[in-house]
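Chain and residue survey
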Amino acid sequence: MRKVSMATVWLDGCSGCHMSFLDIDEALLQLAPRIDLVYSPLVDAKTFPEMADVTLIEGAVSSEHDLEKIKHVRAHTRVLVSLGDCAVTGNVPSMRNPFSVQDVVQRAYFENVSNNPQQPQEAVPGLLSRVRPVHHIVPVDVFIPGCPPSAQAILQALTDLLDGKLPELNARFG
Amino acid sequence: MSVKTLKINDQDVSAREDETILEIAHENNIFIPTLCYLEGLSVVGACRLCLVEVKGSPKLHPACATQVQEGMEVFTNTERLQKYRRMIIELLFTEGNHICAVCVSNGRCDLQYMAQRLGVDHSLFDYRSPYKTVDASHYRFGVDHNRCILCTRCVRVCDEIEGAHTWDVKGRGIDSHVITDLDTPWGSSETCTSCGKCIQVCPTGALFKKSKAVGEMEKEREFLPYLKTMREVR
């Protein structure tokens, strides 16, 4: 049986959803024979594969880099899964939305900095004017809300997907 | 008082003539979602979550504010209603800044409960992300306007049960928000008795007790039907 190729992607989030994924503990051993983890912060691959069967997205779309990445990932993924509140609603990263990017930068890099305040010019991607949930940028197939989603919810969703079913989680939203 | 007989979802039910569709549905264990409605308070029909279909009528009727009629045929859970209810929930979430993950009421919230019950797992609407304030001037309580859905339960309980009428609504449309006294800081209110009833009836984390952490704000509402009944008896 061909293994299901799976990727996980980390946008604007705290990595808690990835931690929760690892928290399925010994069930990882059940999943391992059925999954080929082709791209993830958890593995070494540096480029996204030509086509992944399933991609879990953690985090909201906040920066130019996130935007570029999510479009690329969507084009190279069969089933895209929004994993966790940041991907599903914007969550904590979206708390900057009521303020302008200029105000946010001012606050983060100048007002609260005592030693040599400056805005990084290199290697840090520019912020989008608004933080948005993943499905507001590209179509998403499955939503797993939660901050983080429980290990049990992630395991159930993955098991359903591996069995060829769309998961129906009935998890709390918001 | 006469008895009315009607059908809810093809089930025969009988009601007192002064009862609403919502009351008789609940008596018969028929679920109709609600948010602004709270047993013991007056009815405002603000949230529209309890809309039902009545045979022969093209419009939808709020079950909380519609009296039963003889021969009425009510449908509480059609596809059309499910769609509108999910839209209402999505609009409520996108209108404010709920950010449930960092809310005192996370996991104990009526809005979250209804979202889950109605199968909402994402919102198609754009988030408005409005700029809203928090008033923490009261020594025991706080109001976070980011999380207010304008159900006016606080306004009603303060007026009708406590008799203080500290709360009210100011502004129109999207600018509407709840205020204390004449839009002055809660902590300086001369009418507030600090009874905390508004905190207990608030469906979300908009009204909260200070020193509660994420998910700790448990609401106690048993007092409401009790107080209402005692008042009626008297």
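Described in the following lines is the structure provided in the data block. (Residues numbered from 1 in each chain as written. Chains lettered and ligands numbered in written order. Predicted model: local features only at pLDDT ≥ 70, side-chain atom pairs only at ≥ 80, totals over all residues.)

What about the interface of chain B and chain A?
Each side of the interface is counted separately: chain B has 21 residues, and chain A has 20 residues. For the side of chain B that touches chain A, the leading source of residues is helix α3 (residues 110–117) of chain B, giving 4 residues. Grouping the constituent residues of the side of chain B that touches chain A by class yields 11 nonpolar, 8 polar and 2 charged. (Contact = placed C-beta atoms within 7 Å. Helix = DSSP H or I, 4+ residues; strand = E, 2+ residues; numbered from the N terminus. Nonpolar A, V, L, I, M, F, W, Y, C, P; charged D, E, K, R; others polar.)

Some words on helix α3 (residues 64–75) of chain A
Since the α-helix advances by 3.6 residues per turn, residues separated by three or four positions end up pointing in the same direction. Residue and element names in this part refer to chain A. With 12 residues, α3 extends 17 Å between its outermost C-alpha atoms, agreeing within 8% with the 16 Å of an ideal straight helix rising 1.5 Å per residue. Every buried residue belonging to α3 is among Asp66, Ile70 and Val73, and all of these are buried. What you see down the axis of α3 is that its buried residues fit within an arc of 65°, all on one side. Exposed side chains of α3 directed beyond 90 degrees from the buried face belong to Glu64, Glu68 and Ala75. Its buried side turned inward, α3 meets β1 (4–10), β3 (52–58), β4 (61–63) and β5 (77–83). (Expected span 1.5 Å × (residues − 1). Buried ≥ 20, exposed ≤ 12 C-beta atoms within 10 Å, placed from the backbone. Arc of directions from axis to C-beta.)

Some words on the nonpolar core
One broad trend across soluble globular proteins is that nonpolar side chains are buried collectively. Ranked by size, the top nonpolar core spans 60 residues in total, and within it Cys50(B), Cys154(B) and Cys198(B) carry the most contacts. Secondary-structure elements contributing two or more residues to this core are β2 (11–16), α1 (21–27), β3 (51–54), α2 (79–95), α3, α4 (153–162), α5 (197–201) and β10 (207–209) of chain B. Residue assignment places this core across two domains, with domain 1 (3–77) and domain 2 (101–222) of chain B each supplying three or more. The contact partners of Cys154(B), leaving out residues within four places of it in the chain, are Trp167(B), Val178(B), Cys198(B), Val201(B), Cys202(B) and Leu207(B). Of all hydrophobic cores here, the second largest spans 37 residues; its members include Val9(A), Val38(A), Phe143(A) and Leu169(A). (Core = buried A, V, L, I, M, F, W, Y, C linked by C-beta atoms within 7 Å. Domains from an automatic or database assignment.)

Considering the sheet that holds β3(B)
All names here are of chain B. Taken together, 5 strands build an open sheet; the order of strands is β2-β1-β5-β3-β4 and the sheet is mixed. A single partner strand is all that each edge strand has here, and the edge strands are β2 and β4 (60–62). For this sheet, the mean inter-axis angle between neighbouring strands, taken without regard to orientation, is 40°. Pairing geometry for strand β1 (residues 3–8) and β2, over 6 bridges, is antiparallel. Across the sheet, residue Val3 finds its bridge partner in β2, namely Arg16. (Pairing = 2+ DSSP bridges. Axes fitted to C-alpha atoms, helices over the stretch in contact; angles between N-to-C directions.)

Points about unusual backbone geometry
Pro148(A) follows Cys147(A) through a cis peptide bond whose omega is -10°. Along the chain, Pro148(A) turns up in the loop between β7 (142–144) and α6 (151–162). Positive phi, close to 65°, is recorded for Thr152(B), a residue that is not glycine. Looking at where Thr152(B) falls in the secondary structure, it is placed in the loop between β7 (141–144) and α4.

Quick look at the environment of Ser40(A)
All names here are of chain A. Along the polypeptide, Ser40 turns up in the loop between β2 (35–39) and β3. For Ser40, a count of 17 C-beta atoms within 10 Å translates into the label partly exposed. Sequence spacing of Ser40 and Thr55 is 15 residues, and the spatial spacing of their C-alpha atoms is 9.3 Å. Residues contacting Ser40, with those up to four places away along its chain left out, are Ala7 and Thr8.

Here's the deal with the sheet that holds β10(B)
Residues and elements named next belong to chain B. The 3 strands lie next to each other as β6-β7-β10, forming an open sheet whose pairing is antiparallel. Taken across any chain shown, the strands that pair with only one partner, and hence form the sheet edges, are β6 (134–135) and β10. In this sheet, β10 lies alongside β7 in antiparallel orientation, the contact comprising 3 bridges. Each residue of the ladder has a partner; that of Gly142, found in β10, is Phe208.

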